[in-house]
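Residue-level listing of the chains:
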Amino acid sequence: MKKHISHTSPSFPIADLSDLWQQSLKQKYPIYLFLAICFNLIIAPAVYAANAESFTKFQAYALGLLGIVTLAFSIYLFVVMFQPEKF
Amino acid sequence: MNNSTKLIPSGTRDSRKHTPKASMGGLYQRAVRDAFRKLNPKIAVRNPVMFMVWVGTIVTLLVTIDPNLFGTVKGDPNQERVLNGLITLILFFTVVFANFAEAIAEGRGKAQADSLRTKRSDTIARKVLPDGTIQPTSSTELRRGDLVKVAIGEMIPADGEVIAGLASVDESAITGESAPVLKQAGTDISSSVTGGTRVVSDELTIKISADPGQGFIDRMIALVEGAERTKTPNEIALTVLLTVLTQVFLIVVATITPISNYVNTPTTIAILISLLVALIPTTIGGLLSAIGIAGMDRVAQFNVIATSGRAVEACGDINTLVLDKTGTITLGNRLADEFIPVNGHSLSEVALVALAASIFDETPEGRSIVQLAEQLGAIANFDRTLAKGIDFSARTRMSGTDLPNQIEVRKGAVDAIRGFVRSRSGEVPEEFEAAYEKVSKLGGTPLGICQGSDLYGVIYLKDIVKSGLRERFDQLRRMGVRTIMLTGDNQITASVIAEEAGVDDFIAEATPEDKIEVIRREQSQGKLVAMTGDGTNDAPALAQANVGVAMNSGTQAAKEAANMVDLDSDPTKLIDLVAIGKQLLITRGALTTFSIANDIAKYFAIIPTIFATAGIGTLNVMGLKSPQSAILSALIYNALIIPALIPLALKGVKFRPLTADQLLQRNILLYGLGGVIAPFIAIKFIDILLPIA
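Residues numbered from 1 in each chain as written. Chains lettered and ligands numbered in written order. Predicted model: local features only at pLDDT ≥ 70, side-chain atom pairs only at ≥ 80, totals over all residues. Heavy atoms only, no water.

1. Describing helix H16 (residues 469-478) of chain B
Residue and element names in this part refer to chain B.
Turning to step 1, where the next piece is worked out: Within the span of H16, buried status applies to Leu469, Phe473 and Leu476. One side of H16 holds all its buried residues, which, seen down the axis, span an arc of 55 degrees.
Turning to step 2, where the next piece is worked out: In this fold, the buried residues of H16 make contact with strand E10 (320-324), strand E17 (482-486), helix H17 (491-501) and helix H21 (573-610).
Turning to step 3, where the next piece is worked out: Glycine 480 occupies a position one or two residues after H16 and carries a positive phi of about 85 degrees. (Buried < 20%, exposed > 50% of the residue type's maximum accessible area, 1.4 Å probe, protein only. Helix = DSSP H or I, 4+ residues; strand = E, 2+ residues; numbered from the N terminus. Arc of directions from axis to C-beta. Contact = heavy atoms within 4.5 Å.)

Here it is in structure tokens:
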């Protein structure tokens, strides 16, 4: 059987991208992770600059991320303190 | 204020437990599965203390994979990897053990819910259409207000009120009580029926009172399963305290690195996480929800359904118990013991009038009057079919019969009969007052009896105070709980019964309005009040009370207003519920004290060993072998103490009727001092056993 091939020119899929964007906004945890990594772009160089002799760049980024996780956890604990009924 | 015709269960509290119909087989397997399922971060995030441990586990796992991840380690990386791996494993099991404690408490409820689900099978109901025809309808399609007919052998399709008929109903599916209960229309009690129970004689016409999924069994399933479980105020307060402690220790541990570097004792991330986990109150953090769920379960095992954990907890904080005399303090069935004639009437005349006044009275008291009158030779000398029975009402406080010859015979509360006689232009002689005072002083209930304006005498209804109540009230008094007895009896009778039973206060000649009044008065003084009730007239007071326990034999209105329903319809259970509530609070308090006291030993195990080079090695009072061994010992103790305390969390600390001060002293000594000493011994013991130098 002969396949029918469409020869219409593919237009830029704005609607599809918009849908994807809307979908991605619903995924909270990947967004948080992405923001943490972005934030780490500011923190990690500072960690590296302060201790360049004792850390590799990779270690500075890992430590920066750990610092952000600690800060996030501290914020989470404050949320629990002030809105305990939500947990 | 009704007199339940149901027999009051007797015996000790434990002997009366009969709800555990649910099979507990497979409980542990299910709990183990649930313990791992609860590792899902979305569930774990609800418990801040254990979530902290869970996040710590992930971080230590990362440093197990690459020990140099957060900084180059000084020693052998492989040795470091082994230590980090062991820490990860212990932390992981700490979280799993805490989840297991919660899962096992929930598992018991789920097993009960599964057992209840089997009772909820769909049935084909015979729905009565507006034109009177019968239409077979699935029970799931019935709505509030629909009428159904249920005959012998059929299952009642949904909760409702009996509007016609009289039948025996087997309620063992929900109460565990094998004896069928009589249900009939038009009575304040015994007219509500529950879906899933079975009619075992005759036929009933029922008006459905609950939509599908909203019935009594559905609510029970949701409750025992924990689907509607919300944190109680005390749990919320404790969660905040634990979170504050976690926050403080997180800040301390996160900022310890510069200090350790300053004293030339650099620490690794895994050691810092170990220190943090050892310092935060993981024991109570892991057991907190299990204690709450187990409290609900204890109440359910006791055949009481609580609408929320808040209600169970409130039982423990109760300051005042408002108790009905009849059925709670005295045995429900008062029996006629003697007729005392007045106004020159003979004993046989009084017996004849008493018989006429009670001939339509189906209460145990009424039947006992008929029996006593017949023993004295009285025979009804009128046509029953032409006479009219006058029911007792809380308002008139008397009942009787209108005889065919228009003569009214009445019996009832003495002042009600006095008022009735005077309203018919009759006289109340002095000897009547003397007769009723004589009965009252004996602790009996006097009932006046008259025929029209002619006063005939007094019936002596013998009241029997339940055995062992005085000791129970003494216990409650020691715990700071005040008991108030409410009775429709006169002042003298009430005072004699109050004295005999040992209640703190009583209200005589009480009307249903007095009940709500006394609750409001106590609450205005900042006290928490508990009460029981079964009738529609009790519903406002049940709703007003902090803990309202409705009897299962009571009306739908009472059950909906109350926050607990007693399936055995035993009003004395309120006293047991106070004990269960207090036990829940004491258990939580004891384990919190123990958990926080544990921190001291863990602190002394870890800090002096990791900072030994900074000159605080002398604080290593336990003489632990090495920092590695100290950390592992403290963490192993930290993990094992959770499963070790699961039985105590589920069973509850043994309840002792002591004052708040005595309890505090005892708890500080046992769980505070014990919580300090026990881990010192346990950590040292684990340190000796560990094959680490």
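Structure's up, so let's keep going.
2. Description of the sheet that holds strand E12 (residues 388-390) of chain B
Residue and element names in this part refer to chain B.
Turning to step 1, where the next piece is worked out: As summarised here, the arrangement of the six strands in space is E11-E16-E15-E14-E13-E12, forming an open sheet in which the pairing is antiparallel. The sheet is open, and its two borders are formed by strand E11 (335-341) and E12, each paired with just one other strand. The mean angle between the axes of side-by-side strands here comes to 20 degrees, regardless of whether they run parallel or antiparallel.
Turning to step 2, where the next piece is worked out: In terms of strand pairing, strand E15 (residues 445-451) meets strand E16 (residues 454-462) through seven bridges, oriented antiparallel. Opposite cysteine 450, over in E16, you have leucine 455 as the bridge partner.
Turning to step 3, where the next piece is worked out: Along the sheet face, helix H14 (residues 414-423) touches strand E13 (398-402), strand E14 (408-413), E15 and E16 and points at about 145 degrees away from the line of E14. (Pairing = 2+ DSSP bridges. Axes fitted to C-alpha atoms, helices over the stretch in contact; angles between N-to-C directions.)

3. Here we look at the packing of aromatic side chains
Turning to step 1, where the next piece is worked out: For the coordinates displayed, the defined rule picks out eleven aromatic pairs over all chains.
Turning to step 2, where the next piece is worked out: With a centroid separation of 5.1 Å and an interplanar angle of 70 degrees, the aromatic rings of A:Phe73 and A:Tyr76 are classed as edge-to-face. Here A:Tyr76 and A:Phe73 lie together in helix H3 (residues 57-82), a separation of three residues that amounts to about one turn. Here A:Phe73 and A:Tyr76 have matching classes, each one buried.
Turning to step 3, where the next piece is worked out: Ring centres of A:Phe78 and A:Phe82 lie 6.4 Å apart, and the angle between their planes is 10 degrees; on these two criteria the pair is classed as stacked. Here A:Phe78 and its partner A:Phe82 are both found in helix H3, four residues apart, which amounts to about one turn of the helix.
Turning to step 4, where the next piece is worked out: By relative accessible area, which is 38% here, A:Phe78 ends up partly exposed.
Turning to step 5, where the next piece is worked out: Here the aromatic residues B:Phe36, B:Trp54, B:Phe92, B:Phe93 and B:Phe97 are joined through ring pairs into a cluster of three or more. (Phe/Tyr/Trp six-rings, centres within 6.5 Å; stacked < 30°, edge-to-face > 60°.)

4. Regarding the interface of chain A and chain B
Turning to step 1, where the next piece is worked out: Counting from both sides, the interface comprises 20 residues of chain A and, opposite them, 26 residues of chain B.
Turning to step 2, where the next piece is worked out: Together chain A and chain B conceal approximately 1,900 Å² of surface at their shared face, both sides included; 76% is due to carbon and sulfur atoms.
Turning to step 3, where the next piece is worked out: Taken as a group, A:Phe73, A:Met81 and A:Phe87 account for 28% of the area that chain A buries against chain B, more than any other trio of residues on that side.
Turning to step 4, where the next piece is worked out: Inspection of the region where chain A meets chain B yields zero salt bridges.
Turning to step 5, where the next piece is worked out: Viewed at the interface, chain B and chain A are joined by four residue pairs in polar contact (both at pLDDT 80 or more).
Turning to step 6, where the next piece is worked out: It is H3(A) that contributes the most residues to the side of chain A that touches chain B, 14 residues altogether. (Buried area = accessible area lost by both parts, 1.4 Å probe. Salt bridge = Lys/Arg side-chain N within 4 Å of Asp/Glu carboxyl O. Polar contact = N/O pair within 3.5 Å; in protein donor to acceptor, adjacent residues only side chain to side chain.)

5. Details of the confidence of the model for chain A
Any segment with low pLDDT has predicted coordinates that should not be analysed in fine detail.
Turning to step 1, where the next piece is worked out: Scored by pLDDT, chain A comes out at a mean of 81, with 87% of its residues at no less than 70.
Turning to step 2, where the next piece is worked out: Taken element by element, the predicted model of chain A shows its lowest mean pLDDT in helix H1 (residues 14-26) of chain A (82) and its highest in H3(A) (91). (pLDDT = per-residue confidence, 0-100.)

6. A short note on a positive patch on the surface
Turning to step 1, where the next piece is worked out: A contiguous patch of positive charge, built from B:Lys651, B:Lys654, B:Arg656 and B:Arg666, is present on the exposed surface.
Turning to step 2, where the next piece is worked out: The partly exposed category is assigned to B:Arg656, whose relative accessible area is 30%. (Patch = residues over 30% accessible without salt bridge, like charges linked within 9 Å, V, L, I, M, F, W, Y side chains within 5 Å. Areas by Shrake-Rupley, 256 points an atom, 1.4 Å probe, with all protein chains shown as cover. Lys, Arg positive; Asp, Glu negative; His and termini not counted. Charge placed at Lys NZ, Arg CZ, Asp CG, Glu CD.)

7. Focus: the pairing of strand E4 (residues 160-170) of chain B
Both faces of the sheet carry side chains from a regular strand, because those side chains alternate between them.
Residue and element names in this part refer to chain B.
Turning to step 1, where the next piece is worked out: Bridging between E4 and strand E6 (residues 192-193) involves two bridges; their strand directions are antiparallel. When the sheet's bridge partners are listed, glycine 160 is paired in E6 with valine 193.
Turning to step 2, where the next piece is worked out: As paired elements, E4 and strand E8 (residues 203-208) share five bridges and run antiparallel to each other. Bridged to alanine 164 within E8 is threonine 205.
Turning to step 3, where the next piece is worked out: With four bridges connecting them, E4 and strand E5 (residues 181-184) associate as antiparallel partners. In the strand pairing of E5, alanine 167 is matched with lysine 183.
Turning to step 4, where the next piece is worked out: Relative to strand E7 (residues 198-199), E4 is paired through two bridges, and the arrangement is antiparallel. Bridging from a neighbouring strand, valine 169 pairs with valine 199 of E7.

8. Quick word on the nonpolar core
Turning to step 1, where the next piece is worked out: The biggest cluster of nonpolar side chains holds 126 residues, and the ones touching the most others in it are B:Leu287, B:Leu321, B:Ile329, B:Phe473 and B:Met564.
Turning to step 2, where the next piece is worked out: If one sorts the elements of this core by residue count, H21(B) sits on top with 14 residues. (Core = buried A, V, L, I, M, F, W, Y, C linked by side-chain atoms within 4.5 Å.)

9. With respect to the packing of helix H9 (residues 269-279) of chain B against H21(B)
Residues and elements named next belong to chain B.
Turning to step 1, where the next piece is worked out: It is at 9 Å that the axes of H9 and H21 come closest, and there the two elements cross at 160 degrees. Relative to H21, the element H9 is oriented roughly antiparallel. For the pair H9 and H21, the crossing hand works out as left-handed. Taking contact as the criterion, the partners of Ile271, Ser274, Leu275, Ala278 and Leu279 in H9 are, on H21, Asp599, Lys602, Tyr603, Ile606, Ile607 and Ile610.
Turning to step 2, where the next piece is worked out: Of the residues assigned to the contact of H9 with H21, the class counts are eight nonpolar, one polar and two charged. (Parallel < 35°, antiparallel > 145°, perpendicular 65-115°, else oblique. Left-handed = near helix turned anticlockwise from the far one by under 90°. Nonpolar A, V, L, I, M, F, W, Y, C, P; charged D, E, K, R; others polar.)

10. Quick word on the environment of B:Leu288
All names here are of chain B.
Turning to step 1, where the next piece is worked out: Counting through the fold element by element, leucine 288 comes out in helix H10 (residues 282-301).
Turning to step 2, where the next piece is worked out: Taking the C-alpha atoms as reference points, leucine 288 and glutamine 135, separated by 153 residues in sequence, lie 52 Å from one another.
Turning to step 3, where the next piece is worked out: Setting aside chain neighbours within four positions, we find leucine 288 in contact with Glu235, Leu238, Thr239, Leu242 and Arg588.

11. Description of the pattern of salt bridges
All names here are of chain B.
Turning to step 1, where the next piece is worked out: Counted according to the given criterion, the structure contains 25 salt bridges over all chains.
Turning to step 2, where the next piece is worked out: Here glutamate 106 and lysine 38 are joined by a salt bridge, their closest N and O atoms 3.1 Å apart. Highlighted residues: glutamate 106 in helix H4 (residues 77-117) and lysine 38 in the loop between helix H1 (27-37) and helix H2 (41-44), separated in sequence by 68 residues.
Turning to step 3, where the next piece is worked out: The class of glutamate 106 is buried, set by a relative accessible area of 17%.
Turning to step 4, where the next piece is worked out: Lysine 38 gets classed as buried once you look at its relative accessible area, which sits at 6%.
Turning to step 5, where the next piece is worked out: A salt bridge links glutamate 203 to arginine 126; the nearest nitrogen and oxygen atoms lie 3.1 Å apart. Within this pair, whereas glutamate 203 is found in strand E8, its partner arginine 126 is found in strand E1 (residues 124-128), the two being separated by 77 residues in sequence.
Turning to step 6, where the next piece is worked out: Three or more residues joined by partner-sharing salt bridges are found here, namely Arg482, Asp505, Arg521, Glu522 and Lys527.

12. Some thoughts on the side chain of B:Ser440
Residues and elements named next belong to chain B.
Turning to step 1, where the next piece is worked out: Note that serine 440 resides in helix H15 (residues 430-441).
Turning to step 2, where the next piece is worked out: Under the relative-accessibility criterion, serine 440 is labelled buried at 0%.
Turning to step 3, where the next piece is worked out: Polar side-chain contacts of serine 440 include one of 2.9 Å to the backbone oxygen of tyrosine 436.
Turning to step 4, where the next piece is worked out: Beyond its immediate chain neighbours, meaning those up to four positions away, serine 440 contacts Pro446, Asn490, Ile492, Thr493 and Val496.

13. Structural notes on a nonpolar patch on the surface
Residues and elements named next belong to chain A.
Turning to step 1, where the next piece is worked out: On the surface, a cluster of nonpolar side chains totalling about 650 Å² of accessible area is made up of Phe39, Leu41, Ile42, Tyr61, Leu71, Ile75 and Val79.
Turning to step 2, where the next piece is worked out: For the nonpolar patch, the elements supplying multiple residues, two or more each, are helix H2 (28-50) and H3.
Turning to step 3, where the next piece is worked out: Top element by residues in the nonpolar patch is H3. It accounts for four residues.
Turning to step 4, where the next piece is worked out: Classification of leucine 71 by relative accessible area gives partly exposed; the value is 47%.

14. Thoughts on the environment of A:Pro84
Turning to step 1, where the next piece is worked out: The topology assignment puts A:Pro84 in the segment after H3.
Turning to step 2, where the next piece is worked out: Residue A:Pro84 is classed as buried on the basis of its relative accessible area, which comes to 8%.
Turning to step 3, where the next piece is worked out: Contacts of A:Pro84, omitting those with residues within four sequence positions, involve A:Val79, B:Ile236 and B:Val240.

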